[in-house]
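Structural overview for review
Now for the letters of each chain:
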2 protein chains.
Amino acid sequence: MAKSYNEVGASTYQRIKRDIIFGDLAPGSKLKLDGLRQRYSASMSTLRETLNRLASEGFVEAQDQRGFFVTPVSREDLIEIANLRVLLECHALRLSVEKGDTDWEGNLVAAHHKLHLMEQKMMSGDDSRKEDWKRYDWEFHKAMIQACGSRNLLSLHAVLYDKYLRYQMLVLTYRGDEAVNEHRRMFEAALDRDVARASQELQTHIEKGLEHTLAAF
Amino acid sequence: MAKSYNEVGASTYQRIKRDIIFGDLAPGSKLKLDGLRQRYSASMSTLRETLNRLASEGFVEAQDQRGFFVTPVSREDLIEIANLRVLLECHALRLSVEKGDTDWEGNLVAAHHKLHLMEQKMMSGDDSRKEDWKRYDWEFHKAMIQACGSRNLLSLHAVLYDKYLRYQMLVLTYRGDEAVNEHRRMFEAALDRDVARASQELQTHIEKGLEHTLAAF
DNA sequence: TATGAAATAATATCGGATAATACTGTATCT
DNA sequence: AGATACAGTATTATCCGATATTATTTCATA
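Residues numbered from 1 in each chain as written. Chains lettered and ligands numbered in written order. Predicted model: local features only at pLDDT ≥ 70, side-chain atom pairs only at ≥ 80, totals over all residues. Heavy atoms only, no water.

**Looking at the sheet that holds strand 2 (residues 60-63) of chain A**
Two orientations exist for strands paired in a sheet by backbone hydrogen bonds: parallel and antiparallel. All names here are of chain A. Defined as follows: Strand pairing is defined by DSSP finding a minimum of two bridges between the two strands. Labels follow the DSSP assignment, with helices taken as runs of H or I lasting at least four residues and strands as runs of E lasting at least two, numbered in each case from the N terminus.
The three strands lie next to each other as 1-3-2, forming an open sheet whose pairing is antiparallel. Both outer strands of the open sheet, strand 1 (30-31) and strand 2, are each paired with one neighbouring strand and no more. In this sheet, strand 3 (residues 67-70) lies alongside strand 2 in antiparallel orientation, the contact comprising four bridges. Paired with E61 across the two strands is F69, which belongs to strand 3.

**Considerations on the relation of the copies chain B and chain A**
In plain terms, the rule: Our superposition of the copies is a least-squares fit, built on the C-alpha atoms of residues whose pLDDT is at least 70 in both. Contact definition: two residues touch when any of their heavy atoms are within 4.5 Å.
Once chain B is rotated about the relating axis by 180 degrees and shifted along it by 0.0 Å, it coincides with chain A to within an RMSD of 0.0 Å. Here the copies are linked by what is in effect a two-fold axis. Both copies present the same face, since 100% of the interface residues in chain B are matched by interface residues at the equivalent positions in chain A.

**Quick word on the domain arrangement of chain A**
All names here are of chain A. The condition is simple: All domain edges in this entry derive from an automatic or database-based domain assignment. Throughout, buried area stands for the accessible area (probe radius 1.4 Å) lost by two parts on being put together, summed over both. Put simply, a salt bridge is a Lys or Arg side-chain nitrogen that is within 4 Å of an Asp or Glu carboxyl oxygen. Throughout this description, a polar contact denotes any pair of N or O atoms lying within 3.5 Å of each other; where both atoms belong to protein, one of them has to be capable of donating a hydrogen while the other can accept it, and for residues adjacent in sequence the pair is counted only when both atoms sit in side chains. Three classes are used, and their members are as follows: Ala, Val, Leu, Ile, Met, Phe, Trp, Tyr, Cys and Pro are nonpolar, Asp, Glu, Lys and Arg are charged, and the others, Gly among them, are polar.
Taken as a whole, chain A is organised into domain 1 (12-70) and domain 2 (75-215). Between domain 1 and domain 2, the C-alpha centre-to-centre distance is 27 Å. Taken together, the contact pairs 10 residues of domain 1 with eight residues of domain 2. A buried area of about 880 Å², summed over both sides, lies between domain 1 and domain 2, and 67% of it is on carbon and sulfur atoms. Counting the surface domain 1 buries against domain 2, the share from its top three residues, I21, F22 and F59, is 54%. Our enumeration of links across domain 1 and domain 2 arrives at two salt bridges. Between D162 and K17 there is a salt bridge; the shortest N-O distance is 3.4 Å. Inspection of the domain 1/domain 2 interface yields three residue pairs in polar contact (both at pLDDT 80 or more). The element best represented in the side of domain 1 that touches domain 2 is helix 1 (residues 12-21), accounting for four residues. Within the side of domain 1 that touches domain 2, the residues separate by chemical class into six nonpolar, one polar and three charged.

**Considering the environment of A179 of chain A**
Residue and element names in this part refer to chain A. Formally: To sort residues, take the accessible area from a 1.4 Å probe on protein chains only and compare it with the maximum for the residue type: under 20% means buried, over 50% means exposed, and anything in between is partly exposed.
Within the secondary structure, A179 is located in helix 8 (residues 177-191). On the basis of relative accessibility, which here comes to 11%, the residue A179 falls in the buried class. Separated by 91 residues in the primary sequence, A179 and L88 have C-alpha atoms spaced 20 Å apart.

**Structural notes on the interface of chain B and chain A**
Each side of the interface is counted separately: chain B has 20 residues, and chain A has 20 residues. Summed over both sides, the interface between chain B and chain A buries roughly 1900 Å², with carbon and sulfur atoms accounting for 57% of that surface. At the boundary of chain B with chain A, the tally comes to two salt bridges. As a salt-bridge pair, R48 of chain A and E49 of chain B come within 2.6 Å of each other at their nearest N and O atoms. Where chain B meets chain A, there are 13 residue pairs in polar contact (both at pLDDT 80 or more). Counting only elements with at least two residues in the side of chain B that touches chain A, the list comes to helix 3 (44-57), helix 4 (75-99) and helix 7 (151-171) of chain B. For the side of chain B that touches chain A, the leading source of residues is helix 4 of chain B, giving seven residues. Its residues assigned to classes, the side of chain B that touches chain A comprises six nonpolar, six polar and eight charged.

**Considerations on the protein's contact with DNA strand C**
What counts here: The rule for a residue being near a molecule or strand is that one of its heavy atoms must lie within 4 Å of it.
If you check the shell around DNA strand C, you find 16 residues, and the closest are K30 and R48 of chain A together with S43, T46 and R66 of chain B. Sugar and phosphate atoms represent 79% of those atoms of DNA strand C found within 4 Å of the protein. A distance of 3.2 Å is found between a phosphate oxygen of DNA strand C and a side-chain nitrogen or oxygen belonging to K30 of chain A. Here a phosphate oxygen of DNA strand C sits 2.9 Å away from a polar atom, N or O, in the main chain of S43 of chain B.

**Some details on the protein's contact with DNA strand D**
Near DNA strand D there are 14 residues, and of these S43, T46 and R66 of chain A together with K30 and R48 of chain B occur at the shortest range. For DNA strand D, a phosphate oxygen lies 2.7 Å from a polar atom in the side chain of T46 of chain A. At 2.3 Å, a side-chain N or O of R48 of chain B approaches a phosphate oxygen of DNA strand D. Contributions of two or more residues to the surface near DNA strand D are made by helix 3 (44-57) of chain A together with helix 3 and strand 3 (67-70) of chain B. Tallied by class, the residues present in the surface near DNA strand D amount to three nonpolar, seven polar and four charged.

**A word on the packing of helix 4 of chain B against helix 6 (residues 130-145) of chain B**
All names here are of chain B. Under the convention used in this document: Axes here mean lines fitted to C-alpha atoms, for a helix over just the part in contact, with angles spanning 0 to 180 degrees between N-to-C directions. Under this scheme an angle from 65 to 115 degrees is roughly perpendicular, one under 35 degrees roughly parallel, and one over 145 degrees roughly antiparallel; angles in between are oblique.
At their nearest, the axes of helix 4 and helix 6 sit 7 Å apart, and the two run at 55 degrees to each other. As judged from the angle between their axes, helix 4 and helix 6 are oblique. For the pair formed by helix 4 and helix 6, the contact residues are R85, E89, A92, L93 and S96 on the first element and H141, M144 and I145 on the second. Residue classes in the contact of helix 4 with helix 6 are distributed as four nonpolar, two polar and two charged.

Okay, structure coming up:
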């Protein structure tokens, strides 16, 4: 199980990745090794290892002999990410709804329940825990596609989700009960084993989110 | 432009990745730092950086406190990779055929021509240059989807292609003129701007290749 | 102001030192 | 004999300092 971002004892990899996704390290900003060394109290060797990992995942850009930069953001990139999420996540969802067994269904019900509770807290104005909320959102989306049967697909999706998440955190606006209803409809379609409807609801969910994020970008 | 594998002055990253893909570093084998240090005449720091990069791309597995291993192979993994290639590459091809301009078409014609020449050499029994042949195959497939308009999609595809390539190199058998005809039909459909036919031909091409590779695995 | 050389800063790579962990082989006990 | 405990070895992970290469900035001169 992957560790969450704000856990105690998080590795410098997890901490830097978190800071990029949540905007504490601004897009395009230079990642000076000496500065990072103090901020994360790690040695240069360790830092270069994690920066290389983040570079190959696309959160950091490495320019030869000029060091590392936080990957810049752009509307085009956001649109690409969203489109890829539709392609991969809808595909995974179709497989998952077809193959999912009782365990999958149970975990999905639990994940949706926890997400729904958190969504109601957010709706009532308590937006102090965006990170927690987004963790439940992630757990829900992951639970939906968990039974797709392809580890490769799941790990590609995890990276895409995080890239998309960075854009959502940058604009920092809450979409309200629209998204809540989309989650519910998607969830119900999955439990009904209605592959086409579930996939369609997911696509709508992502595309609505994209529009909302683009508008504020 | 990414450097090819066997170029002079290749980085240790490129050399290790090449050795994994072409089987010189066997699947599942342990990557002892001291051994690698001699083999690639690089320092431990540099090696750990490249191994971290390769780990996040999926060519290497990192086990905490136990070092690095070449990612193992399995039938299931091969099938997953092939299915993902179908999903991503066919999607990219549809976009590319729709959007491709004159430059795209020109580069595609050139890439197909070079691939075809090499295929004829291979057909006449000269299989001494598998790496070159596969480079032309890569250049052709890349040229096909180049106009898809999504950098993210292209870079995901590049990793998938290399993972699939490793399996092909492991079984080391040549599929003969079947693949040649598939390439030609795919190419012609793209020039005709027949999106559906091109995508269908590509899917068939990958799935035939999968069957062939699975049979020898 | 523009140019170019010198000074400064930052990166990339290397080798070594140390601590923590994993592995191996031996001896002991049941 | 087989399992367990322990000591010794090997390997990894992290950190630090040194050096060479490359970027960037400063500044003197035309």
